[in-house]
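So you can see what is in the structure, the chains are spelled out below.
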Number of protein chains: 2
Amino acid sequence: MGDDMSYEELDQRKMRILKAIVDDYIQSMEPVGSRTIAKKYEVGLSSATIRNEMADLEEMGYLSQPYSSAGRVPSDKGYRIYVDRLIEIDESKFSEYNRLLNYYEQEINELGQIVKVLTKLISNITQYTSFSMKYKTKNSIVKACQVVPIEKGRAMVVVLLGNDLVRNKILNIDYSKELDTLVKLSNILDRKLAGCRAEGISVIIVNEIVRESGMDRHLILPIVDAIIDCLQQAEEVELYTEGASNLLMHPEFFDVNRAKTVLEVVHDTDTVVQLLKKSAETGGLMVRIGQENDFDEISDCSIVTATFRTNDVELGTIGVLGPTRMDYQKVISSLEYIRKKLNQEIPRRLEGS
Amino acid sequence: MGDDMSYEELDQRKMRILKAIVDDYIQSMEPVGSRTIAKKYEVGLSSATIRNEMADLEEMGYLSQPYSSAGRVPSDKGYRIYVDRLIEIDESKFSEYNRLLNYYEQEINELGQIVKVLTKLISNITQYTSFSMKYKTKNSIVKACQVVPIEKGRAMVVVLLGNDLVRNKILNIDYSKELDTLVKLSNILDRKLAGCRAEGISVIIVNEIVRESGMDRHLILPIVDAIIDCLQQAEEVELYTEGASNLLMHPEFFDVNRAKTVLEVVHDTDTVVQLLKKSAETGGLMVRIGQENDFDEISDCSIVTATFRTNDVELGTIGVLGPTRMDYQKVISSLEYIRKKLNQEIPRRLEGS
DNA sequence: GTTAGCACTCACCAACAATGAGTGCTAATC
DNA sequence: GATTAGCACTCATTGTTGGTGAGTGCTAAC
């Protein structure tokens, strides 16, 4: 989006005025006029001067006018520069957020739980809709695996993943003649595959397993496939939404059709996942304003997302969706809070039993 | 609700008029006047007569008037008698529903999947919000179970439930001295417990297991506990919601506050589960109209639910939520369709691999 | 018991004027 | 040359007012 140079066309004064306009509009949701800026904000200028600057800003595309002789409203481009250059993260509320969080958090041991609680928290703080998407486990390793007989002609492969999640898969397999070797095979598999990622299960390892177990290759292969399946199945995501109805409180959604269109997107799992996955591409905090979003249905909304990860592994994303006229300062700050919180919680949660 | 006798106060003619009024109001959502009834519906009566009857019906509590000199609107009591006595299930659309269903249904093997599809179907048919709640498995039996070693000091109990769902639980247990007996124990457990329900695991059976395995009682007990846990864990429900935003299309929710209040309930998992569970109490089809609902927030909504089950076991519930002025004919008929469909699908789905 | 007729109620709508916030432009001021 | 005061103009919003029509309840005639 846009070359950074284009910001340079705005001098200090225009910047200050733009910030005042966006601040005011975010707060009042009414087109803001020159007089308001002159009076409420400490720019030492008369309304006439501000009027001129506003005309300039409109010409440059940072503002627009709903109708002639109304006040000005920020455009997407206006919000963009506001987000990129005119706000900073406000940590002053963090201690309050901590208090709120303590109130929720009773006994939470699992990462998924804390993510849910944080999603709820941020939805309450911001009064917008929030989402969290968590990979069930990305890039998981085999911690242990076993093949278990179930009934005639069927066995179950059980894989214990790196984070103690268990996956299993049932196979039709004829082991009747070699029931005792199944136990032996389990041990071999367990020994050979422990610590492996899905991509780490090479043909060489499979060959070793075949040799050491003395079992037939065509019996081993479906089992190994099942194990790989279990690892990959873990790539699935878990989606959690909070405060969908919050959107209805904001004047931009008083129009039922608009509200319906947006709520349909909010309820559409696939779309939301797609939106959140987009965030991971950049990493860190990401803001998508109005038309920058890939879906027309929410071209009057903005999305702010934060991806959380361990050193190298992407674990998931938390995001907030609200009208383009959202309180970016608050949303970005609180999402930064969430991000910090997660970075500090993740190591703790992941180790625990 | 209410003694059946109370219906008797309504003669044939009042019934016909009431039905006409409710039908018309459901369709038009406008208070319906005597003239409308006289003209559009084939009661051979003048508007004046109908006016008198309407005054009676209002006095008896079946109708009410939004303001003096407006038409009449059905009250909860009016809807109740309408539902109980004046509509019948309309099977004529069933073949159309079948067509729609074929369109969705691609390759669905699991009961949970077909329930989801049916939930989506009914939400599309009715244009209201629909829910399904499925017990992960209620009253499940052990089909097979195994104890699997994982790593030093830890083992995993794996239980295959009656419907091929797998549950597992990790235990800290010291089996190091008796690793070979673990395999033996697995076999004994499997043999002894196959077919058992949670309540069916008696002390006698446990004693037998202890005796036959020759293992220590304090080693066996936590394992059995884990198996029972797995069975009971299966009592959890899975909730699925479809078409929440459909509600916004109906005039009664054009008011944002009303919409918000109702949507909050729709999004509140616990409340919805509670609502759906209520349905099972009666079994079959159940209609709760307006104030009959336990939650004030939806006292201007109605809920129609259908519970599906095998012979004796309750499997879950599908429900529809809409404004009190909902198209009961359509909702009840299509829900009946769903119920039939499930009754015919359930045996198939449950057996299949 | 049923219906025609009539006076009355009340939400809804269209037309109209008044209001006021905000603009753009021009001319005076620093 | 930049800033500001002043002024005419625009246009959404609000309030008023009177008319319209769907509907009622009641009474008297059938």
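Throughout this document, residue positions are counted from 1 along each chain, in the order its sequence is written. Labels follow written order: the first chain is A, the first ligand is 1, and so on. With the structure being a predicted model, the display of local features is reserved for residues of pLDDT at least 70 and the display and counting of side-chain atom pairs for 80 or more, all residues being used for whole-chain, interface and lining totals. Values shown for side chains rest on all heavy atoms present in the structure; no hydrogens or waters enter the calculation.

Trainee: Hey, could you run me through the relation of the copies chain B and chain A in this one?
Mentor: To go from the first copy of the chain to the second, apply a rotation about an axis and then a shift along the same axis. Rotating chain B by 180 degrees and moving it 0.3 Å along the rotation axis overlays it on chain A with an RMSD of 0.4 Å. Both copies are brought into coincidence by an operation consistent with a two-fold rotation axis. Copy-to-copy alignment: least squares on C-alpha atoms, limited to residues at pLDDT 70 or above in both.

Trainee: What am I meant to see in the pattern of salt bridges here?
Mentor: As a working rule, side chains carrying opposite charge can pair if their charged atoms are close by. Salt bridges are defined by distance alone: a side-chain nitrogen of Lys or Arg within 4 Å of a carboxyl oxygen of Asp or Glu. According to the stated counting rule, one finds 38 salt bridges over all chains in the structure shown. Across the salt bridge formed by R258(A) and D300(A), the nearest N and O atoms sit 2.7 Å from each other. Of this pair, R258(A) sits in helix α10 (residues 256-267) while D300(A) sits in the loop between β8 (285-289) and β9 (301-309); the two residues are 42 residues apart in sequence, bridging distant segments of the chain. Here D229(B) ties to K169(B) by a salt bridge, and the two come within 3.3 Å at their closest N and O atoms. Here D229(B), found in helix α9 (residues 217-233), pairs with K169(B), found in strand β6 (residues 166-172); they are 60 residues apart in sequence, far enough to count as distant. Exposure categories follow from relative accessible area, calculated using a 1.4 Å probe and restricted to protein chains: below 20% of the type maximum is buried, above 50% is exposed, and the middle band is partly exposed. Residue class for K169(B) comes out partly exposed when judged on its relative accessible area of 32%. In this structure, a network of salt bridges that share partners links the residues R13(A), K14(A), E53(A) and D56(A). Numbering of helices and strands starts at the N terminus; helices are DSSP runs of H or I of at least 4 residues and strands are runs of E of at least 2.

Trainee: Looking at this structure, I do not really get the protein's contact with DNA strand C. What am I missing?
Mentor: In the vicinity of DNA strand C, 20 residues are found, and the nearest of them are S34(A), R72(A), R13(B), T49(B) and S69(B). If you look at DNA strand C and keep only atoms within 4 Å of the protein, 80% of those are sugar or phosphate atoms. N or O atoms closer than or at 3.5 Å make up a polar contact, with two conditions inside protein: a donor-capable atom paired with an acceptor-capable one, and, for residues adjacent in sequence, both atoms drawn from side chains. Here a phosphate oxygen of DNA strand C sits 2.8 Å away from a polar atom, N or O, in the side chain of R72(A). The set of elements that each furnish at least two residues to the surface near DNA strand C consists of α2 (34-40) and α3 (47-60) of chain A together with α3 (47-60) of chain B. The dominant element in the surface near DNA strand C, judged by the number of residues it contributes, is α3(B), at 4 residues. Whether a residue is near a molecule or strand depends on its heavy atoms: if one lies within 4 Å, it is near.

Trainee: Help me understand unusual backbone geometry, please; the structure alone is not making it clear to me.
Mentor: Comment: phi is negative for the bulk of residues other than glycine, and the bulk of peptide bonds are trans. Here Q127(A), not a glycine, exhibits a phi torsion of approximately 65 degrees, which is positive. Locating Q127(A) in the fold gives a position in the loop between α6 (111-126) and β3 (129-135). What makes Q127(A) partly exposed here is its relative accessible area of 27%. Of note in the backbone geometry, S69(B) takes a positive phi value of approximately 70 degrees without being a glycine. Tracing the sequence through the fold places S69(B) in the loop between β1 (63-64) and β2 (73-74).

Trainee: In this structure, what is going on with the side chain of K341(A)? I would like to understand it.
Mentor: All names here are of chain A. For K341, the location among the structural elements is in helix α12 (residues 328-351). His is not counted, nor are the chain ends, whereas Lys and Arg count as positive and Asp and Glu as negative. Of the buried charged residues, K341 lacks a salt bridge, with E345 as the closest side chain of opposite charge at 5.1 Å. Only heavy atoms matter for contacts: two residues are in contact if any of them lie within 4.5 Å across the pair. The residues touching K341, leaving out its near neighbours within four places in the chain, are N98, L101 and L118.

Trainee: Looking at this model, I keep getting lost on the pairing of β3(A). Mind explaining?
Mentor: Each regular strand displays side chains that alternate between the two surfaces of the sheet. Residue and element names in this part refer to chain A. Counted residue by residue, β3 has 7 buried out of 7 residues, so it is predominantly covered. Side-chain alternation along β3 places T129, F131, M133 and Y135 on one buried face and S130, S132 and K134 on a second face that is also buried. Pairing geometry for β3 and strand β7 (residues 237-242), over 6 bridges, is antiparallel. For S132, the partnering residue across the bridge sits in β7 and is Y240. For two strands to pair, DSSP has to find at least two bridges joining them.

Trainee: Help me out: how do you make sense of the protein's contact with DNA strand D in this one?
Mentor: Neighbouring DNA strand D are 20 residues; R13(A), T49(A), S69(A), S34(B) and R72(B) lie closest to it. Sugar plus phosphate, as a fraction of atoms of DNA strand D within 4 Å of the protein: 79%. S46(A) has a polar backbone atom sitting 3.0 Å from a phosphate oxygen of DNA strand D. Here a phosphate oxygen of DNA strand D sits 2.5 Å away from a polar atom, N or O, in the side chain of T49(A). Elements that contribute at least two residues to the surface near DNA strand D include exactly α3 of chain A together with α2 (34-40) and α3 of chain B. With 4 residues, α3(A) is the largest single contributor of residues to the surface near DNA strand D. Residue type decides the class: Asp, Glu, Lys and Arg count as charged, Ala, Val, Leu, Ile, Met, Phe, Trp, Tyr, Cys and Pro as nonpolar, and the leftover types, Gly among them, as polar. The residue inventory of the surface near DNA strand D, partitioned by class, reads 5 nonpolar, 11 polar and 4 charged.

Trainee: It is not clear to me how the domain arrangement of chain A should be interpreted in this structure. Could you clarify?
Mentor: Buried accessible area, meaning the area lost when the parts come together, often serves as the stated size of an interface. Here the bounds of each domain stem from an automatic or database domain assignment. Considered domain by domain, chain A is made up of domain 1 (10-86), domain 2 (91-136 + 236-351) and domain 3 (142-233). For domain 2 of chain A versus domain 3 of chain A, the distance between C-alpha centres works out to 38 Å.

Trainee: Teacher, can you tell me more about the interface of chain B and chain A here?
Mentor: Counting residues at the interface gives 29 residues for chain B, matched by 29 residues for chain A. Taken together, both faces of the contact between chain B and chain A bury some 2400 Å²; the carbon and sulfur share is 69%. Where chain B meets chain A, there are 0 salt bridges. Taken together, the connections running from chain B to chain A amount to 1 residue pair in polar contact (both at pLDDT 80 or more). Elements with a minimum of two residues in the side of chain B that touches chain A: β4 (142-151), β5 (154-161), β6, α7 (179-193) and α10 (256-267) of chain B. Buried area: the sum, over both parts, of the accessible surface (1.4 Å probe) that disappears when the two are put together.

Trainee: So what exactly am I meant to see when it comes to helix α6 (residues 111-126) of chain B here?
Mentor: The periodicity of an α-helix, 3.6 residues per turn, causes residues three or four places apart in sequence to face the same way. Residue and element names in this part refer to chain B. By this rule the span expected of a helix is its residue count minus one, scaled by 1.5 Å. Between the first and last C-alpha of α6 there are 22 Å, a value that for 16 residues agrees with the 22 Å anticipated at 1.5 Å per step. A large share of α6 lies buried, amounting to 12 of its 16 residues. If you check which residues of α6 are buried, you get L111, G112, I114, V115, V117, L118, T119, L121, I122, S123, I125 and T126. At the exit of α6 stands Q127, carrying a positive phi of roughly 65 degrees.

Trainee: What is the right way to look at the environment of T181(B) in this model?
Mentor: Relative to the helices and strands, T181(B) resides in helix α7. Here the alpha-carbon distance between T181(B) and E212(B), two residues 31 residues apart in the chain, equals 11 Å.

Trainee: I'm lost on the sheet that holds strand β4 (residues 142-151) of chain A in this one. Help?
Mentor: As a general point, the strands of a sheet are linked pairwise by backbone hydrogen bonds and lie either parallel or antiparallel. All names here are of chain A. In spatial order, the strands read β4-β5-β6; together these 3 strands make up an open sheet with antiparallel pairing. One side of each edge strand has no neighbouring strand; the edge strands of this open sheet are β4 and β6 (166-172). The average undirected angle you get between the axes of adjacent strands in this sheet is 20 degrees. Bridging between β4 and strand β5 (residues 154-161) involves 8 bridges; their strand directions are antiparallel. Paired with V148 across the strands is M156, a residue of β5. Contacts from helix α9 (residues 217-233) reach β4, β5 and β6, with the element oriented near 145 degrees to β6. Lines fitted to C-alpha atoms define the axes here, with helix axes fitted over just the stretch in contact, and angles between the N-to-C directions of these axes take values from 0 to 180 degrees.

Trainee: For this particular structure, what's the right way to read the environment of M133(A)?
Mentor: All names here are of chain A. Along the chain, M133 falls in strand β3. On the accessibility criterion, M133 (0% relative accessible area) is buried. Taking the C-alpha atoms as reference, M133 lies 11 Å from A280; in sequence the two are 147 residues apart. In contact with M133, other than residues within four places in its own chain, are V237, E238, L239, V273, L276, K277, F308, L315, G316 and T317.

Trainee: Whenever I open this one, the confidence of the model for chain A confuses me. Can you help?
Mentor: Where the model shows low pLDDT, its predicted coordinates should not be examined in detail. Residues and elements named next belong to chain A. Averaged over every residue, the pLDDT of chain A is 86; residues scoring 70 or more account for 90%. In the model of chain A, β6 stands out as the element of lowest mean pLDDT, 79, in contrast to strand β2 (residues 73-74), which has the highest, 96. Confidence scores labelled pLDDT are given residue by residue by the predictor and lie between 0 and 100. A low-confidence stretch, residues 1-5 (pLDDT under 50), is modelled with 1 contact involving residues beyond four sequence positions or located in other chains.

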